[in-house]
Amino acid sequence: MKAQALHVAGFGFRREATLASLAQALDQLIEQYGAIDKLAAARSMLPLVEELGRLRHIEVIAVADAELPTAITLTHSAQSLQARGTGSVAEAVALLAAGPNAKLVGPRIISADRQATAALALAEGNR
């Protein structure tokens, strides 16, 4: 029997982002791909994502900021590359939190207010 993949949502966002920005991005992911098992954020961006996790009762994984440039992302934002060394913080965080054989389901989505991004990675193995 094949194990189900773990669905990990990674977030990237601007300083001006609100909890509502992240929640709206998460809702878009859920609408598009179904249930989310875990949330993830770069350690420096953790408090807002932890708040969302508490509200939604979803565990949050912290990813070291220094690891962000090691992930190969589908999106290549010049602003993100300059600020964080990766083409997409959301995509990098999702991949790194989901583990070594993780795959992105698609490019990041952008919240309606354009303050937050979210990406979904599938991890191999059990939930």
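In short, a report on the structure.

So, how was this worked out
- Residues numbered from 1 in each chain as written.
- Predicted model: local features only at pLDDT ≥ 70, side-chain atom pairs only at ≥ 80, totals over all residues.
- Heavy atoms only, no water.
- Helix = DSSP H or I, 4+ residues; strand = E, 2+ residues; numbered from the N terminus.
- Rg over C-alpha atoms; globule rule 2.2 N^0.38 Å.
- Buried < 20%, exposed > 50% of the residue type's maximum accessible area, 1.4 Å probe, protein only.
- Contact = heavy atoms within 4.5 Å.
- Areas by Shrake-Rupley, 256 points an atom, 1.4 Å probe, with all protein chains shown as cover.
- 1 Å grid on protein atoms, 1.4 Å probe; cavity = no way out; pocket = protein on both sides within 12 Å on 5 of 7 lines; lining within 4 Å.
- Points joined across faces, edges and corners; volume = space filled by probe spheres on them.
- Nonpolar A, V, L, I, M, F, W, Y, C, P; charged D, E, K, R; others polar.
- Pairing = 2+ DSSP bridges.
- Right-handed = clockwise from strand over helix to strand, strands pointing away.
- Core = buried A, V, L, I, M, F, W, Y, C linked by side-chain atoms within 4.5 Å.

**A few points about the overall build of the chain**
Part 1 of the reasoning: Helices and strands together make up the secondary structure of the chain, namely four helices and six strands.
Part 2 of the reasoning: Secondary structure elements in the chain, listed N-terminal to C-terminal, are β-α-β-α-β-α-α-β-β-β.
Part 3 of the reasoning: For 127 residues, the compact-globule formula gives about 14 Å, and the C-alpha radius of gyration of the chain, at 13 Å, lands near that figure.
Part 4 of the reasoning: With the C-alpha coordinates aligned to their principal axes, the bounding extent of the chain is approximately 45 × 30 × 25 Å.
Part 5 of the reasoning: Expressed as a percentage of the 127 residues in the chain, the buried residues total 47%.
Part 6 of the reasoning: Considering only contacts in the chain between residues 6 or more positions apart, those separated by 24 or more positions represent 59%.
Part 7 of the reasoning: Total accessible area on the chain is roughly 6800 Å²; 52% of this is exposed by carbon and sulfur atoms.

**Some points on the layout of surface pockets**
Part 1 of the reasoning: Computed from the structure, the largest pocket encloses a volume of approximately 600 Å³.
Part 2 of the reasoning: Residue lining of the largest pocket: 22 residues in total, with Gly12, Phe13, Arg14, Gln79 and Ser80 positioned closest to the centre.
Part 3 of the reasoning: At the level of elements, strand E1 (6–13), helix H3 (78–84), helix H4 (89–98) and strand E6 (116–123) are the ones that each hand at least two residues to the lining of the largest pocket.
Part 4 of the reasoning: With four residues, H3 is the single largest residue contributor to the lining of the largest pocket.
Part 5 of the reasoning: Considering only residue class, the lining of the largest pocket consists of seven nonpolar, nine polar and six charged.

**Section: the pairing of strand E2 (residues 38–42)**
Part 1 of the reasoning: With four of its five residues buried, E2 lies for the most part within the structure.
Part 2 of the reasoning: Here E1 pairs with E2 via three bridges, running parallel. Of the residues in E2, the one forming a bridge with Val8 is Lys38.
Part 3 of the reasoning: Note that the unit made of E1, helix H1 (residues 19–33) and E2 has a crossover that is right-handed.
Part 4 of the reasoning: Two strands pair when backbone bridges link them, and E2 and strand E3 (residues 59–63) are joined in this way by five bridges, in the parallel orientation. When the bridges of E3 are listed, Ala41 appears paired with Ala62.
Part 5 of the reasoning: Read as a crossover between parallel neighbours, the route from E2 over helix H2 (residues 46–56) to E3 is right-handed.

**Observations concerning the environment of Ala64**
Part 1 of the reasoning: Considering the arrangement of structural elements, one finds Ala64 in the loop between E3 and H3.
Part 2 of the reasoning: Counting along the chain gives 53 residues from Ala64 to Phe11, while the straight-line C-alpha distance between them is 13 Å.

**Looking at the nonpolar core**
As a rule of thumb, nonpolar side chains are buried together in soluble globular proteins.
Part 1 of the reasoning: With 43 residues, the main nonpolar core has Phe11, Phe13, Leu22 and Leu39 as its most contacted residues.
Part 2 of the reasoning: Contributions of two or more residues to this core are made by E1, H1, E2, H2, E3, H4 and E6.
Part 3 of the reasoning: With eight residues, H4 is the single largest residue contributor to this core.

Just distances and angles here, no functional claims.
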